[in-house]
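The chain contents come next:
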Amino acid sequence: MKIKFTGTFDELKEKLKSLAGEWDENQPQKKVLRVNGGVLNWFESTGTLSVQGRSPGKEQMETSAPHLIYPNEFPHQVEASATNTVVTETPVTDTVMNASGIELLYLTSGLKESELVIGIVNAVGTESKRVIDPLSNRLEGFGYSVQKIRVSSLLLPPSTGCKEYERIKHYMNEGDELRNKSKNNAILAAGASFKIKEARTGEPQKTAYVIDSLKHPDEVEFLRKVYGHGFYLFGIHADEKSRHDYLVNDKSLTQEQAGELIRIDEDEKIPHGQRTRDTFHLSDFFISHGNNDKQVKNTIQRCLELIFSNPFRNPTFDEFAMFMAFNSSIRSSDLSRQVGAIIARNQQIIATGANDTPRCGGGLYWAELDPSTGEVRDYPDGKDYTREEDSNKAAQKEIIEEITRALIAKSVVAEEKKSDIEDVLRQSKIADLTEFGRVVHAEMEALLSCSREGISTLNGTLYCTTFPCHNCAKHIIDAGITRVVYVEPYPKSRALDLYSESIQLKTSLDEPSDESRVTFEPFTGVGARRFLDLFSMSLGSGSKVKRKDKDGNTVEWKKETAVARTPLLPKSYLDIEQAAFEIWEKSNGGGA
Ligand SMILES: [Zn+2]
């Protein structure tokens, strides 16, 4: 009730006397009127009137009291029979839970069955079966049936009896050709969707489609567009040495063949080639292949529990710090890529960094708010975009032109070969040079922010969204950092070879750390992009989770009845909007 009464208690009693209720005058600071189970409270100090309690008295007072107190403002009493259907009495969810429409169930968090689409990304030579098999078994534990979609089944098969090397190479070439012919790098994702559509029988049920495997970032973007939050990408990490070993010893490839396939698989450097490396870091979950099956199974179990709304699965410090590193990266205005870094000591974040241009006085440029106009502006000539060029690329171009000019001047090559020479130089390691860039790298900015504030970096852990370049690596070692965790590989980095005496690449969780070297480890766990969806109780894109009931007891979570937090909905927004309209209509909201 949105009215107040600011007169005296006797005046109120007089106005409401036709309700023939009983007044309780003994409560401190308020007077209470009871009618047929309904309770009207009048708070003397504020004049507030509120109605609670049971039917029919509650409705009776809600409709009559305003008219009795202010007859001019509320000249007509609403018919009591009409007010009985007001849905504020019955929660909206109860009303619509009876409806069978999937859209209604979705909007009221009652959707119990939904499909899942899981993409797998791993580099060639990864024994992905060691992850996909337990993933399928564990999904069955959640009541799901699993349909495996093999991307290679979309391509022409190789000739029978061919060796493993030829088989893998054949599928790589077929994939390239199809991407090239269709001028669409996501074409195989479209094929996977077609396979899913073909495999579905009837209404969507608890089916998980596992797509094995994705090789191009455009495929991931495509599947996210089709399946939205119901699509999960699992990145399986296996280090190059063990992949090479698997191809040579388990699949009988020669050393050379194994090396060739690994190189092609990572990045073919042709317009429609596969780019597994650039696909991997888009994952929602990063799973280390490791050497230990129990570890893999437990990791998968936790990922699935998070997908299926277990409210008691919390982030590890590594996951939290990596999430913060990604958060830090998004402040970067770099023209090509955003990189973020975090330094932590004793599980406490002490510094953040991003790749951007430095400003005099310390730190990087921020966009600044002009309080007089409210405009947010960048410092003139500060961030790179304000200079309209990437200084590193410009310097590379200058070097290439200088060498070409000199070769022509000395008659080493003919003038007409100019563009050929420039092509050769452009594809050389000149393209890997980074030192003419104006930006400070994220790792360096994190280290320098500690020096600005006088905080020691000794024995710290550095989390970075990309593997450190060799230049940052030497400063990381020098700063006394003892552990580096990274997500995206950076093959141009020579850190591991240049500082092999100081860096240990630790590729499985249970590998012991060498105390005399800085350990560099690939990140495993929940990726930053799904952090809010899976760990936040209320900020994700799916349903909220509850951890306790109204009495303070923790809620029970069971995998048999667990539902997906961001379910895959077989409806368009127009269908869902229609359901929203029905909810509004049912609540009599339309008449308000
Ligand atoms: Zn760097």
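Rules of the game
Residues numbered from 1 in each chain as written. Predicted model: local features only at pLDDT ≥ 70, side-chain atom pairs only at ≥ 80, totals over all residues. Helix = DSSP H or I, 4+ residues; strand = E, 2+ residues; numbered from the N terminus. Rg over C-alpha atoms; globule rule 2.2 N^0.38 Å. Buried ≥ 20, exposed ≤ 12 C-beta atoms within 10 Å, placed from the backbone. Contact = placed C-beta atoms within 7 Å. Pairing = 2+ DSSP bridges. Axes fitted to C-alpha atoms, helices over the stretch in contact; angles between N-to-C directions. Parallel < 35°, antiparallel > 145°, perpendicular 65-115°, else oblique. Left-handed = near helix turned anticlockwise from the far one by under 90°. Nonpolar A, V, L, I, M, F, W, Y, C, P; charged D, E, K, R; others polar. Core = buried A, V, L, I, M, F, W, Y, C linked by C-beta atoms within 7 Å. Expected span 1.5 Å × (residues − 1). pLDDT = per-residue confidence, 0-100.

1. Thoughts on the overall build of the protein
Scanning the protein for helices and strands turns up 21 helices and 18 strands. Taken against the 2.2 N^0.38 rule, which gives 25 Å for 592 residues, the C-alpha radius of gyration of the protein at 32 Å runs more than 25% over that of a compact globule. Counting only C-alpha atoms, the protein reaches 110 × 65 × 55 Å along its principal axes. A buried classification covers 33% of the 592 residues belonging to the protein. For the protein, long-range pairs separated by at least 24 residues make up 64% of all intrachain contacts whose partners lie at least 6 apart in sequence.

2. Brief notes about the pairing of strand β9 (residues 285–288)
Of the two faces of β9, both are covered, the one formed by F285 and I287 as well as the one formed by F286 and S288. Looking at chain direction, strand β8 (residues 231–237) and β9 are connected through 4 bridges and run parallel. Considered in β9, the bridge of G235 is made with F286. Where β9 lies against strand β18 (residues 525–526), 2 bridges are found, and the strand directions are antiparallel.

3. Things to note about the sheet that holds strand β3 (residues 38–43)
Strand order across the open sheet formed by 4 strands is β1-β2-β3-β4, with antiparallel pairing between neighbours. Only two strands of the sheet have a single partner each, and these edge strands are β1 (22–24) and β4 (49–53). In this sheet, adjacent strand axes meet at a mean angle of 25 degrees when their direction is disregarded. Alignment of β1 against strand β2 (residues 30–35), held across 3 bridges, turns out to be antiparallel.

4. Here's the deal with the pairing of β8
Among the 7 residues in β8, 7 count as buried, and that is most of the element. Burial along β8 is two-sided: the face carrying F231, L233, G235 and H237 and the face carrying Y232, F234 and I236 are both buried. Bridge count between strand β5 (residues 116–122) and β8: 6 bridges; the pairing is parallel. Residue pairing in the sheet places I118 in a bridge with Y232 of β8.

5. Focus on the packing of helix α6 (residues 129–141) against helix α13 (residues 293–307)
Where α6 meets α13, the axes come as close as 9 Å, and the angle between the chain directions of the two elements is 45 degrees. Judged by the angle between their axes, α6 and α13 are oblique. For the crossing formed where α6 meets α13, the hand is right-handed. Residue-level contacts link R130, V131, P134, L135, R138 and L139 of α6 to D293, V296, K297, I300, Q301 and L304 of α13. Looking at the contact of α6 with α13, its residues break down into 7 nonpolar, 1 polar and 4 charged.

6. Some thoughts on the sheet that holds strand β6 (residues 145–150)
Strand order in this open sheet of 6 strands is β6-β7-β5-β8-β9-β18, and the pairing throughout is mixed. At either end of the open sheet lies a strand with only one pairing partner, and these are β6 and β18. Docked against the sheet, α13 engages β8, β9 and β18, running at close to 165 degrees with respect to β9.

7. Describing the nonpolar core
Residues I118, I211 and Y463 are the most contacted members of the largest nonpolar core, which totals 105 residues. No other element matches α13, which puts 6 residues into this core. Among all residues touching Y463, those that are not within four sequence positions of it are A321, M322, A325, A341, I342, A344 and V485. L40, W42, L49 and A65 belong to the second-largest nonpolar core, a separate cluster that totals 9 residues.

8. Some details on unusual backbone geometry
Here the residue pair D212 and S213 is connected by a cis peptide bond, since its omega of -5 degrees sits within 30 degrees of zero. Note on placement: S213 falls in the loop between β7 (207–212) and α9 (217–227). The residue A20 is not glycine, and still its phi comes out positive at about 55 degrees. Tracing the backbone shows A20 in the loop between α1 (9–15) and β1. For A20, a count of 8 C-beta atoms within 10 Å gives the class exposed. Residue N36 is not a glycine yet carries a positive backbone phi of 45 degrees. By secondary structure assignment, the location of N36 is in the loop between β2 and β3.

9. What about the environment of G175?
For G175, the location among the structural elements is in helix α7 (residues 164–182). Here the alpha-carbon distance between G175 and L156, two residues 19 residues apart in the chain, equals 9.6 Å. Those residues in contact with G175 that lie beyond four places of it in its chain are L155, L188, K215 and Q274.

10. Points about helix α8 (residues 187–199)
Counted at 1.5 Å a residue, the expected span for α8 with its 13 residues is 18 Å, and the 19 Å between its end C-alpha atoms agrees. The inward-facing, buried residues of α8 contact β6, α7, β7 and α9.

11. Structural notes on the environment of R54
Checked against the element boundaries, R54 lands in the loop between β4 and α2 (57–69). Judged by C-beta crowding, with 12 C-beta atoms within 10 Å, R54 ranks as exposed. Counting along the chain gives 15 residues from R54 to V39, while the straight-line C-alpha distance between them is 7.9 Å. Excluding anything up to four places from it in sequence, R54 contacts G37 and G38.

12. Considering α9
Helical periodicity: at 3.6 residues per turn, an α-helix aligns residues three or four positions apart in one direction. D218, E219, V220, F222, L223, R224 and Y227 are the residues of α9 that are buried. Looking at the buried side of α9, the elements it contacts are β5, α8, β8 and α12 (276–280). Taken from the residues just after α9, G228 is the one with a positive phi, measuring 55 degrees.

13. Side note on the confidence of the model for the protein
This prediction gives the protein a mean pLDDT of 89; 95% of its residues lie at or above 70. Long-range and interchain partners of residues 78–100, a stretch whose pLDDT sits below 50, account for 28 contacts in this model, where long-range means more than four residues apart.

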